[in-house]
Amino acid sequence: MLFKKKKDLNPMSESLRIELIEEMYKLGSEVGYYHHSEIGWVAEAYNKQIARAAEYGIEDLLKQRYLNGKADGVNRKKHESDTSAKVAVLEPAQVPKVERLPPAYRMVALPDATSAPKSIEQPKMVDRPKALNGFAPVSPK
């Protein structure tokens, strides 16, 4: 079966051969770069190209181009992630400067324009307890 002679192979134009090779390389490159699963649309596109190439007897070449494209896609993704990590490391992080005010200034600081000063609010602990109000009077019917 391995040495079975291919019969009735159609002649192939050079432009069609180049087109098939480029499409298979692009498919492999996309699968390698984006880590697509080789199930579903990828398998469908792969099998379609292999079936088309089988008419001309170049399916082995296309399988090799797919694997090359896949490896190149993985390498390209790795290279891009390495360079982006280097750029992120090289840029120093901007540390915001916090201005600390002395405690005395914070005690006498002016209130914001939209809020009342807290010093004029009566604390809850000085309010009269509700238990001292007694019972509510019952009105006669």
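So, here is what we can say about the structure in this document.

Quick look at the side chain of Ser-29
Then, number 1: When you line up the elements, Ser-29 lands in helix H1 (residues 14–34).
Then, number 2: Once residues lying within four places of it in the same chain are set aside, the contact partners of Ser-29 are Gly-69, Lys-70, Gly-73 and Arg-76.

Here's the deal with the pattern of salt bridges
Then, number 1: Applying the stated rule across the entire model yields four salt bridges.
Then, number 2: With a shortest N-O distance of 3.7 Å, Arg-52 and Glu-19 are connected by a salt bridge. Here Glu-19 lies in helix H1 and Arg-52 lies in helix H2 (residues 41–54), a separation of 33 residues in the sequence.
Then, number 3: Judged by its relative accessible area of 29%, Arg-52 is partly exposed.
Then, number 4: Put simply, Glu-19, Glu-23 and Arg-52 are held in one network by salt bridges that share partners.

As for the packing of H1 against H2
Then, number 1: Between H1 and H2, the least distance of the axes is 11 Å, while the angle of their chain directions is 160°. Our classification of the angle between H1 and H2 gives roughly antiparallel. Remark: the crossing between H1 and H2 carries left-handed chirality. Taking contact as the criterion, the partners of Leu-16, Glu-19, Leu-20, Glu-23, Met-24, Leu-27, Glu-30 and Val-31 in H1 are, on H2, Trp-41, Val-42, Ala-45, Tyr-46, Gln-49, Ile-50, Arg-52 and Ala-53.
Then, number 2: Class assignment of the residues belonging to the contact of H1 with H2 gives a composition of eleven nonpolar, one polar and four charged.

Reading the values: the criteria
- Residues numbered from 1 in each chain as written.
- Predicted model: local features only at pLDDT ≥ 70, side-chain atom pairs only at ≥ 80, totals over all residues.
- Heavy atoms only, no water.
- Helix = DSSP H or I, 4+ residues; strand = E, 2+ residues; numbered from the N terminus.
- Contact = heavy atoms within 4.5 Å.
- Salt bridge = Lys/Arg side-chain N within 4 Å of Asp/Glu carboxyl O.
- Buried < 20%, exposed > 50% of the residue type's maximum accessible area, 1.4 Å probe, protein only.
- Axes fitted to C-alpha atoms, helices over the stretch in contact; angles between N-to-C directions.
- Parallel < 35°, antiparallel > 145°, perpendicular 65-115°, else oblique.
- Left-handed = near helix turned anticlockwise from the far one by under 90°.
- Nonpolar A, V, L, I, M, F, W, Y, C, P; charged D, E, K, R; others polar.

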